[in-house]
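These are the residues of each chain, in order.
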Amino acid sequence: MEPLKNKSNNPLDENKQWMSRLPENLWDIPLYNISIPGSHDSMSYCLDKTSPLEPELPVLLSVLDKFVPCFARAIILRWAKTQALSVTQQLNAGVRYLDLRIAHRPDDPSPVLYFAHGLFTHITVKEAFLEILAWLLANPTEVVMLACRRVQDFTPEHHLHLISSLHSVFGPKLCPKHETPTLRVMWKMGYQVILSYDDVIAQFYDFLWPSVPYWWANTTSVNKLIHYLEERKQEGRPGGFFVAGLNLTEDFWYIVTHLFGSMKKMTIPKLPVMYLWVQTQHPGKSGDATNIIAEDLIGSDRFVSAVINLNSKLILEKNPSPH
């Protein structure tokens, strides 16, 4: 299966409408058996260097921020920024799973919510949702999964504010969780959004899907990352949606010993190994199949196309060559 080609001169847009270009014999396969590219910490491209620090940061970084804030924040930003493309650019590039770490800024008395990863974003959750909606309206055959994560510690007010915002923005585009989400069903019903919500409150709303498992290796070693993902695959895939996190993670001591490093400098040299691993994967119902594969630095390599092209293996399964 060839990646989508369109009229745009921007090579990052070649997969802008890849779902609509899948062969018809894949339209009735549940999307959790399709290969889908995702982005890790999708909104970290717009972190606000002047915002409060996220409370989960190590205490020593907070102390450093008090005494040498310019130095500390430059370090935090270099390691916290996992994406360079805007959410619209990521969607244009073919990303269909957005990892949304949602939080309330401690310096904001209102219930307004932001995204967070070390620091908080300068755009609000509602603003990002409206940007995603505009993209969906312009691309009516594409389906996006929004994973609202890190919301377990919300107050009831924050939950209601977020859920109300989601429903008011996406409304009839939200696929209810009782549906089997195939492309044919989504297109017929006008659904474009599968909304995963990482809290038990999701059970009370028909349009909130349960939390999607995210396989996270928590390592800076690409070899350990691949080994971890292969071990998880041997345990068998979940029944529904799940994410193989193809992202490296630094800890406090790694940052301390790489003060002038960055997430980008750590990751870029290791992308070729990750790319080779992606090419060996396959979607489907079998226990060793993958579904969503998420990566940092979307647009830095051919990751998105590689994940999309795994669906050609499903096409071959459905159309075996004659003996």
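Residues numbered from 1 in each chain as written. Predicted model: local features only at pLDDT ≥ 70, side-chain atom pairs only at ≥ 80, totals over all residues. Heavy atoms only, no water.

An unreviewed UniProt entry annotates the chain as Phosphatidylinositol-specific phospholipase C X domain-containing protein of Xenopus laevis.

Peer 1: Looking at this structure, how should I read the nonpolar core?
Peer 2: Considering soluble globular proteins, one finds that nonpolar side chains tend to be buried as a cluster. Judged by nonpolar contacts, the single largest core of 95 residues is most densely connected at I102, L162, F170, Y197 and L246. Considering each element in turn, this core owes the most residues, seven residues, to helix α4 (residues 125-138). Apart from residues lying up to four places away in sequence, I102 is in contact with L113, Y114, F115, V125, C148, R149, R150, V151, F154 and L162. Membership of the second largest hydrophobic core comes to eight residues, among which are L47, L57, L61 and F252. (Core = buried A, V, L, I, M, F, W, Y, C linked by side-chain atoms within 4.5 Å. Buried < 20%, exposed > 50% of the residue type's maximum accessible area, 1.4 Å probe, protein only. Helix = DSSP H or I, 4+ residues; strand = E, 2+ residues; numbered from the N terminus. Contact = heavy atoms within 4.5 Å.)

Peer 1: Would you take a moment to explain the environment of W135 for this structure?
Peer 2: Along the chain, W135 falls in helix α4. For the pair W135 and T124, spaced 11 residues apart in sequence, the C-alpha separation works out to 17 Å. With residues near it in sequence (within four places) discarded, W135 still touches K16, T88, L91, N92, R96, E142 and V144.

Peer 1: Any chance you could explain the side chain of N247 here in plain terms?
Peer 2: Along the chain, N247 turns up in the loop between β8 (243-246) and α8 (252-256). Only 2.7 Å separates the side chain of N247 from the side chain of Y214, close enough to count as a polar contact. Setting aside residues no more than four positions away along its own chain, N247 makes contact with H40, Y214, W216, L225, A294 and D296. (Polar contact = N/O pair within 3.5 Å; in protein donor to acceptor, adjacent residues only side chain to side chain.)

Peer 1: Would you mind going over the pattern of salt bridges with me for this structure?
Peer 2: Should their charged atoms come close, side chains of opposite charge can pair. Inspection of every chain in the model, using the stated rule, returns 12 salt bridges. E24 is the partner of R184 in a salt bridge, and the nearest nitrogen-oxygen pair spans 3.6 Å. Of this pair, R184 sits in helix α6 (residues 183-189) while E24 sits in the segment before β1 (36-39), and the two are 160 residues apart along the sequence. E54 is the partner of R150 in a salt bridge, and the nearest nitrogen-oxygen pair spans 2.2 Å. Here R150, found in the loop between β5 (144-149) and α5 (156-170), pairs with E54, found in the loop between β1 and α1 (59-67); they are 96 residues apart in sequence, far enough to count as distant. Its relative accessible area of 7% is what places E54 among the buried residues. Here the residues in one salt-bridge network are D41, D99, R101 and R149, joined through shared partners. (Salt bridge = Lys/Arg side-chain N within 4 Å of Asp/Glu carboxyl O.)

Peer 1: Is there a simple way to think about the state of the cysteines in this case?
Peer 2: Working definition of a disulfide: a covalent bond connecting the sulfur atoms of two cysteines. With the rule as written, the count across this model stands at zero disulfides. No disulfide involves C46; its sulfur sits 15 Å from the nearest other cysteine sulfur, which is in C148. (Disulfide = S-S within 2.5 Å.)

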